[in-house]
Amino acid sequence: MNHILKMKIANALFIGAFFSTMPMANAQTAFPDMCKSEMASTSNMSMQNHNVQMADMTDYQKESMDGMKAMSMNMMQGMMKKDPDVAFACGMIAHHMGAISMAQVELKYGDNADNKARAQKIIDDQTKEIKELTAWVEKEAK
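These figures come from a predicted structure and were not determined experimentally. (Residues numbered from 1 in each chain as written. Predicted model: local features only at pLDDT ≥ 70, side-chain atom pairs only at ≥ 80, totals over all residues. Heavy atoms only, no water.)

A. Region of interest: the confidence of the model for the chain. Chain-level statistics for the chain give a pLDDT mean of 77 and a share of 67% at 70 or above. The weakest mean pLDDT in the chain belongs to helix H1 (residues 3–20) at 47; the strongest belongs to helix H5 (residues 113–140) at 97. A low-confidence stretch, residues 40–49 (pLDDT under 50), is modelled with 16 contacts involving residues beyond four sequence positions or located in other chains. (pLDDT = per-residue confidence, 0-100. Helix = DSSP H or I, 4+ residues; strand = E, 2+ residues; numbered from the N terminus. Contact = heavy atoms within 4.5 Å.)

In structure tokens:
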């Protein structure tokens, strides 16, 4: 195995282990089991540096970061699928879950009526697409 590939694998495992200790965002749908990989699902890593950074954030920022972390981990797991069609669908499910999480934070903390309406539209549209992609994954994934 070449050095660059070893480094990419090590980096993916580190990131996976790091994000696996984070709480999941409050997305309306769960990341499908069929999209998960065996990649670094648990870890005993210390989160001290991360916790210090989180302590200085507003509630809005903390919830936004939690959503991004959940999305990143799920996207990495989904994209590790060997079938490119399944990887695409799983990656998009995670991506849409991230959009929903961001939109939920906007609805909770935002003040701008246009952005709040846009956030609700994103939730509605992305929820529909997640259901469609999840149904496809459950039917087509081997």
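B. Spotlight on the packing of aromatic side chains. What the rule picks out here adds up to one aromatic pair. Both rings, one in Tyr60 and one in Tyr109, keep their centres 6.2 Å apart while their planes meet at 75 degrees; by these two values the pair is edge-to-face. In this pair, Tyr60 sits in helix H3 (residues 59–79) while Tyr109 sits in helix H4 (residues 84–109), placing the two residues 49 residues apart along the sequence. Under the relative-accessibility criterion, Tyr60 is labelled partly exposed at 41%. (Phe/Tyr/Trp six-rings, centres within 6.5 Å; stacked < 30°, edge-to-face > 60°. Buried < 20%, exposed > 50% of the residue type's maximum accessible area, 1.4 Å probe, protein only.)

C. The environment of Glu129, seen in detail. Mapped onto the secondary structure, Glu129 falls in helix H5. Residue classification places Glu129 among the partly exposed positions, given a relative accessible area of 34%. Here the alpha-carbon distance between Glu129 and His96, two residues 33 residues apart in the chain, equals 7.8 Å.

D. Examining H3 more closely. The terminal C-alpha atoms of H3, which comprises 21 residues, lie 30 Å apart, in line with the 30 Å expected from a rise of 1.5 Å per residue. For H3, every residue scored as buried is listed here: Ser64, Asp66, Gly67, Lys69, Ala70, Met71, Met73, Asn74, Gln77 and Gly78. (Expected span 1.5 Å × (residues − 1).)

E. Region of the structure containing H4. With 26 residues, H4 should cover 38 Å at 1.5 Å per step; its first-to-last C-alpha distance of 37 Å lies within 8% of that length. The N-terminus of H4 is capped by Asp83, whose side-chain oxygen sits 2.7 Å from the backbone nitrogen of Asp85. (Polar contact = N/O pair within 3.5 Å; in protein donor to acceptor, adjacent residues only side chain to side chain.)

F. Local environment of the packing of H4 against H5. Look at H4 against H5: their axes get within 8 Å of each other, and the N-to-C directions meet at 155 degrees. Judged by the angle between their axes, H4 and H5 are roughly antiparallel. The two elements H4 and H5 cross, and the hand of that crossing is left-handed. Tallied by class, residues from the contact of H4 with H5 come to 17 nonpolar, seven polar and four charged. (Axes fitted to C-alpha atoms, helices over the stretch in contact; angles between N-to-C directions. Parallel < 35°, antiparallel > 145°, perpendicular 65-115°, else oblique. Left-handed = near helix turned anticlockwise from the far one by under 90°. Nonpolar A, V, L, I, M, F, W, Y, C, P; charged D, E, K, R; others polar.)

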